[in-house]
Amino acid sequence: MSLDIIVIGSGIGGLTAGALLARYGKRVLVCESHAIAGGAAHSFSRQGFHFDSGPSFYCGLTPGSGLNPLQQVLEVLGESLQAVPYDPMGHYHFPEGTFPVYSNAERYRQAVAEITPQGARELEQFEKRLLPLYESLRGIPTIALRADWQMIPVILGQYLPSVLKLLPHLRILQGSVGDVMDREVRDPWVRRLIDLECFLLSGLKAHGTIAPEVAFMLWERSRAGVEYPIGGSGAIVDALVRGLKRWGGELKLNAHVEQILIQSSKVKGVKLKNGEVINTPVVISNATLWDTYTKLLRPEDLPPSYRQQSLETPAVDSFMHLHLGIRAEGLENLTGHHVVVHHASKDITEPGNTCMISIPSVWDANLAPGGHHVVHAYTLEPYEGWRRDEGYEERKKERSQSLFCALERVIPDIRDRFVLELIGTPLTHAYYLRRYQGTYGPAIAAGKGIFPGTQTPISGLYRVGDSTMPGIGVPAVAASGILCANTLVPPKETAKLLKI
Ligand SMILES: Cc1cc2nc3c(=O)[nH]c(=O)nc-3n(C[C@H](O)[C@H](O)[C@H](O)COP(=O)(O)OP(=O)(O)OC[C@H]3O[C@@H](n4cnc5c(N)ncnc54)[C@H](O)[C@@H]3O)c2cc1C
């Protein structure tokens, strides 16, 4: 069969682009290097425990619940997910005490007011500043957008009122959350809270995070609520794979792409690790920008200055991971999401100081054998210095201690409970996700640059995923897949699909 498009990688970005293009009638093949689809969002099983390898925090997964681009794609594919709503959406454990985090904006502020009444008033002002961004952006559904000049007539023709609403807020739109925080919030406790929420979202604190991202997160979680997909993050991947196949696309697992074949600055096809060559005029790379530009292309395929500038993009660190199966007796009131900040004297971004914990079997008991829970804890960890040498096992134990200590804040006798223990390092993360240095994604701070778009200087080569616009996170990479897919079809095809 001759192909229209090959997608390299089945992360959420690659699957979204591939499935949407199949929906448009294109002949699509997704080549995934790993034996399991999903990239950072894949699920895996050991001894009856079903683990999320990465994301577990989601808003607006079910039809009509919100503005999540992923849900918008599932809808046009004719697919859906089952999800469990919950609130409080988590607990933040600071050195001085534990704070329940509600997705409902009113309850969130009330909980802050119990700690700092003045801080709660400032937080309300801060949220009010961000609200107009959300109100204007929510009028423009991501599924209608594209990433070329043809977006201008689409936006002006269909969404002019929302654009006009945005105009008075252009300064905030382009600025950082830190700028808004500096104007509205003096209270140190609330400033740390905002920094932490930004860090959890973008890997950077408030001054590095763009304002629309946080406006969207705060108001979307309040409006749509927080949900966990039944079956874990793998259920999201499965729904996208079903959508891809339903519309005639194909997924090839264990199909590592070794090279993108370029001739006269045009894509000719790809070469797989097993030597197979597949011809196609369009390739979409879901590998990171560093992997695409260093491993999949030859240096001479790209203009030297473009290549150099792209490869200078700073990267967020990688991770230490703990995946545990634990006995559940006596943990009946356990909640599913926790963030532990160990030391007030250290920066929240310092590796090991902020630990994220997710226990998804509290929402979906089928993820663990009866009487057990499944636990995933992770914290930032630099890639540099990690080697599989004779000291590797010892170092793994030592560097995972911050995660065990964080878990003890939530389940004091955790060390007596586990029946399965898997420790992952930046090397594990880089290997299983095929990601450059196991990075979380580009560290492009607000005001210091913008995420690159889907196009590349090579005709027929496009990129999607968390090193393209709009950035890191499942909704964002789904948006990148939409932007790429829509750019590859005429606007009237999108209008037909959306009946607008
Ligand atoms: C620990 C952790 C927790 C997170 N928590 C959340 C959360 O709660 N909520 C949220 O929204 N986001 C979260 N994120 C972020 C989110 O998971 C990612 O931003 C997103 O899943 C990345 O998707 P992607 O499409 O960019 O690519 P990836 O997931 O990186 O997928 C790329 C795919 O390409 C494949 N590939 C690479 N090279 C090749 C090749 N040469 N040939 C074939 N295949 C190749 C890889 O194997 C991989 O499957 C989390 C991330 C991590 C790591």
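Residues numbered from 1 in each chain as written. Predicted model: local features only at pLDDT ≥ 70, side-chain atom pairs only at ≥ 80, totals over all residues. Heavy atoms only, no water.

With that settled, the discussion passes to the sheet that holds strand β6 (residues 83–86). Strand order across the open sheet formed by three strands is β5-β9-β6, with antiparallel pairing between neighbours. Across the chains shown, the open sheet's two edge strands, defined by having one partner strand only, are β5 (58–59) and β6. Pairing of β5 with strand β9 (residues 226–229) involves two bridges; the strand directions are antiparallel. Counted as the bridge partner of Tyr58 is Glu227 from β9. (Pairing = 2+ DSSP bridges. Helix = DSSP H or I, 4+ residues; strand = E, 2+ residues; numbered from the N terminus.)

With that out of the way, let us pick up the site of the ligand. Around the ligand sit 37 residues, and of these Gly13, Glu32, Ala40, Arg435 and Asp466 come closest. In the model, a nitrogen atom of the ligand is placed 3.1 Å from a nitrogen or oxygen of the Ser33 main chain. Taking Val474, its main chain carries an N or O atom lying 2.9 Å from an oxygen atom of the ligand. Summarising the interface, the protein chains cover 95% of the accessible area of the ligand, which totals 1,000 Å² for the free molecule. Taken together, the elements giving at least two residues each to the shell around the ligand come down to α1 (12–23), β15 (318–327), α16 (426–433) and α17 (474–487). Broken down by element, the residue count for the shell around the ligand peaks at three residues, all from α17. Taken together, the residues that form the shell around the ligand break down as 18 nonpolar, 15 polar and four charged. Residue-level mapping places the shell around the ligand at the junction of two domains, with at least three residues from each of domain 1 (5–42 + 232–313 + 443–498) and domain 3 (318–381 + 387–424). (Near = heavy atom within 4 Å. Polar contact = N/O pair within 3.5 Å; in protein donor to acceptor, adjacent residues only side chain to side chain. Areas by Shrake-Rupley, 256 points an atom, 1.4 Å probe, with all protein chains shown as cover. Nonpolar A, V, L, I, M, F, W, Y, C, P; charged D, E, K, R; others polar. Domains from an automatic or database assignment.)

Before going further, it helps to examine the side chain of Asp301. Structurally, Asp301 is set in the loop between α12 (289–296) and α13 (304–311). Among the polar contacts made by the side chain of Asp301, one reaches the side chain of Arg298 at a distance of 2.7 Å. Asp301 has contacts with Ile262 and Ile458, leaving out every residue within four places of it along the chain. (Contact = heavy atoms within 4.5 Å.)

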